[in-house]
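Summary of the model geometry
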Amino acid sequence: MLKPQIHPLLGKRAAFYTLGCRLNYAETSTIARQLGTVGVERISDEHHHVATLVPDICIINSCSVTDTADKKCRGLINRLHREYPHALIVVTGCYAQLQGDQIAQIPGVDLVVGSGRKSEIVPLLTELYRDRTKQKPHTPHITPHKRLQHFEPSVSSDDRTRHFLKIQDGCNYYCSYCTIPIARGISRNGSIASLIAQAERVAEIGGKEIILTGVNIGDFGRSTGENLLDLLHQLSQVEGIARYRIGSIEPELLTPEIIRFVAETPQFMPHFHIPLQSGSDHVLRLMRRHYDTALFAKRLKLIYALIPDAFVGIDVIAGMRGELAKHHEATLAFLMAQPWSQLHVFPYSERQGTQALKIRPAVSPTDKKLRVQSLLTLSIERHNRYCIACIGSTRPVLWEEKQHRGMIEGFTDNYIRVSQPYNPNLVGCITPAHLDRWDDQRQIFTTRL
């Protein structure tokens, strides 16, 4: 009688480390679930820096949006190799896609898997464990970016309240400073029917909030002949999901119809994340962006006309090649004249293979640092002003599972972080909270029910 074969990964422990965007978080969760089906136990992730158990496998889902992101990944690889010298280290994600050969040479790395092959991590690890006694070269498993055309569905399920649902992947824009189209491939998406099914499963396990994620989510429907507005309409009909947030969306794809839908639909929160990148039309042309400042201002005007208390986060890049001092001043002047709530500021990072490298002049590191700081200062002032204006108001808060210094935390509908003394009965509940005191150092409200 033949003995049943035991899967090589059964009983292994895996630690997960996610770098970069919300899309990566959704994909990491999917990888963890796939490994769980063959008996791999998830023991820690980026939220638990010290694993209570020693991992057999460390999986890094990497980012490569900046040179700093690349360095952070390399540093993490080196740290994990020192701390867990006997663990297998797997590197996937955008950095793995772009620089797989380089990563494969780093001591400790056992497996490199590109962006389009994350769903193959289970069989690749299985083969690696079966053949671990053989000394094989660690050849990266990379699909050329022009062949990255398959949509791999992902949804995070690491939190009992907030979930990230991947609705789209890839980008066709080729902005002059960006490597994402090479790292992620062409724009593609899941079907509305498949995404509704995933949202329904989130509701079944008790999830209350879904954040829609992707590389260029406003381009949703390109590969299925559908459109984002139809997806939003159908998501709003899913029973059990109390909240949706639209992730980062390009200003020209954030149509007036979408803004009106959010304003009129209770399930969609008054919260937008819109990349501006520069308040200078000259620099926007150098970046090969698909809009100008007039269109951006028009979108903001409509948002605040329909949703006066909306929270709007804006991405800005400081120190782009070709950005002179006058262009930076134009960005500051544009931002000071517009309504918004917070900036996400990124120093321009030179990326190999991008068209921006041909642009002259380059901004000095000193000037770039000063420009970043001026934007961050403006952001802090504006965010504090937005939150202080909310003092004394009552907003619905979705309370999260994690506990911090004896306090439970959560977000209001308009994306303000709130805390109060920990009560386990509140986890996953949405309750009205009176916003009492704004802590501008910790960027959080303390409140009472």
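Please refer to the structure placed before this passage.
Heads up: these notes are all about the structure in this document. Model, not experiment: these values are computed from the prediction. (Residues numbered from 1 in each chain as written. Predicted model: local features only at pLDDT ≥ 70, side-chain atom pairs only at ≥ 80, totals over all residues. Heavy atoms only, no water.)

Re the sheet that holds strand S1 (residues 13-18)
One key point about sheets: their strands pair by backbone hydrogen bonds, in either a parallel or an antiparallel sense. To be explicit about the condition: By the convention used here, strands pair only if DSSP detects at least 2 bridges between them. Going along the chain from the N terminus, every DSSP run of H or I of four or more residues is numbered as a helix, and every run of E of two or more is numbered as a strand. To get an axis, a line is fitted to the C-alpha atoms, and for a helix only the part in contact is used. The angle between two axes follows their N-to-C directions and goes from 0 to 180 degrees. The contact criterion used throughout is that any non-hydrogen atoms of two residues lie within 4.5 Å.
Read from one edge to the other, the open sheet built from 5 strands follows the order S2-S1-S3-S4-S5, with strand pairing classed as parallel. Two strands bound the open sheet, and with one partner strand each, they are strand S2 (41-44) and strand S5 (109-113). Sheet twist, expressed as the mean angle between neighbouring strand axes with direction ignored, is 30 degrees. Where S1 lies against strand S3 (residues 57-62), 5 bridges are found, and the strand directions are parallel. Residue Thr18 lies in a different strand from S3, and its bridge partner there is Asn61. Running at roughly 170 degrees to S1, helix H1 (residues 22-36) makes contact with S1, S2, S3 and strand S4 (88-93) of the sheet. Those strands touched by helix H2 (residues 67-83) are S1, S3, S4 and S5, and its axis lies near 175 degrees from that of S3.

Digging into the environment of Asp56
Put simply, the rule is: Three exposure classes are used, based on accessible area relative to the maximum for each residue type with a 1.4 Å probe and protein chains only: buried under 20%, partly exposed in between, and exposed over 50%. In protein, a polar contact means a hydrogen-donor-capable atom and an acceptor-capable atom, both N or O and within 3.5 Å, with residues adjacent in sequence counting only if both atoms are side-chain atoms; elsewhere, any N or O pair within 3.5 Å suffices.
Relative to the elements of secondary structure, Asp56 occurs in the loop between S2 and S3. Judged by its relative accessible area of 26%, Asp56 falls in the partly exposed class. Taking the C-alpha atoms as reference, Asp56 lies 50 Å from Pro339; in sequence the two are 283 residues apart. Here the side chain of Asp56 touches Arg13 through a polar contact of 2.7 Å, landing on its backbone nitrogen.

Re the packing of aromatic side chains
The cut-off we apply is this: The aromatic pairing rule takes the rings of Phe, Tyr and Trp, using the six-membered ring of Trp, and pairs them if the centres are within 6.5 Å, calling planes under 30 degrees apart stacked, those over 60 edge-to-face and the rest tilted. Charge over a ring is defined by NZ of Lys or CZ of Arg lying within 6 Å of the ring centre and within 35 degrees of the ring normal.
Counted under the stated rule, the structure contains 8 aromatic pairs. Between Trp438 and Phe445 the ring centres are 5.1 Å apart and the planes differ by 55 degrees, which places this aromatic pair in the tilted class. Each member of the pair Trp438 and Phe445 is classed as buried. An aromatic cluster is built from Phe311, Tyr386, Phe411 and Tyr415, whose rings are joined through pairwise contacts. Sitting over the ring of Phe151, Lys166 keeps its end group 5.1 Å from the ring centre. The positively charged end of Arg382 is found above the aromatic ring belonging to Trp340, 4.2 Å away from the centroid.

Comments concerning the nonpolar core
Heads up, the condition is: Among buried residues, the Ala, Val, Leu, Ile, Met, Phe, Trp, Tyr and Cys ones that are joined through side-chain atoms within 4.5 Å form a nonpolar core.
Counting 65 residues, the largest nonpolar core has Ile167, Ile303, Val312, Ile314 and Leu335 as its most contacted members. Examining the composition of this core, we find that 6 residues originate from one element, helix H11 (residues 293-306), more than from any other. Ignoring sequence-local partners within four residues, the contact set of Ile314 consists of Ile274, Leu276, Phe296, Leu300, Leu335, Trp340, Gln342, Leu343 and His344.

Some thoughts on the packing of helix H7 (residues 192-204) against helix H8 (residues 228-235)
The condition is simple: Note on convention: near helix rotated counterclockwise from far helix by under a right angle means a left-handed crossing. Clockwise means right-handed. In this classification, the charged set is Asp, Glu, Lys and Arg, the nonpolar set is Ala, Val, Leu, Ile, Met, Phe, Trp, Tyr, Cys and Pro, and all remaining amino acids, among them Gly, are polar.
The interhelical angle for the contact between H7 and H8, taken along N-to-C directions, is 30 degrees, at an axis separation of 10 Å. Regarding H7 and H8, the two cross each other, and that crossing is right-handed. Taking contact as the criterion, the partners of Ile192, Leu195, Ile196 and Ala199 in H7 are, on H8, Asp230, Leu231, Gln234 and Leu235. In terms of residue class, the contact of H7 with H8 is made up of 6 nonpolar, 1 polar and 1 charged.

A short note on the environment of Thr161
By the secondary structure assignment, Thr161 is in the loop between helix H5 (121-130) and strand S6 (162-166). By relative accessible area, which is 0% here, Thr161 ends up buried. Dropping the residues within four chain positions of it, Thr161 is found in contact with Gly207, Lys208, Glu209, Leu398, Trp399, Glu400 and Gly428.

Re helix H12 (residues 325-336)
We count it as follows: A helix is expected to span 1.5 Å for every residue after the first. In this description, the arc belongs to the directions extending from the helix axis to the C-beta atoms.
Taking 1.5 Å per residue, 12 residues should reach 16 Å; H12 reaches 17 Å between its end C-alpha atoms and fits that length. Taken together, the buried positions of H12 are occupied by His327, His328, Thr331, Leu332, Phe334 and Leu335. Burial along H12 is one-sided: seen end-on, the buried residues are contained in an arc of 165 degrees. Exposed residues on H12 whose side chains face more than 90 degrees from its buried face are Lys326 and Met336. Buried residues belonging to H12 abut strand S11 (271-277), helix H10 (281-287), H11, strand S12 (311-318), strand S13 (342-347) and helix H13 (365-388).

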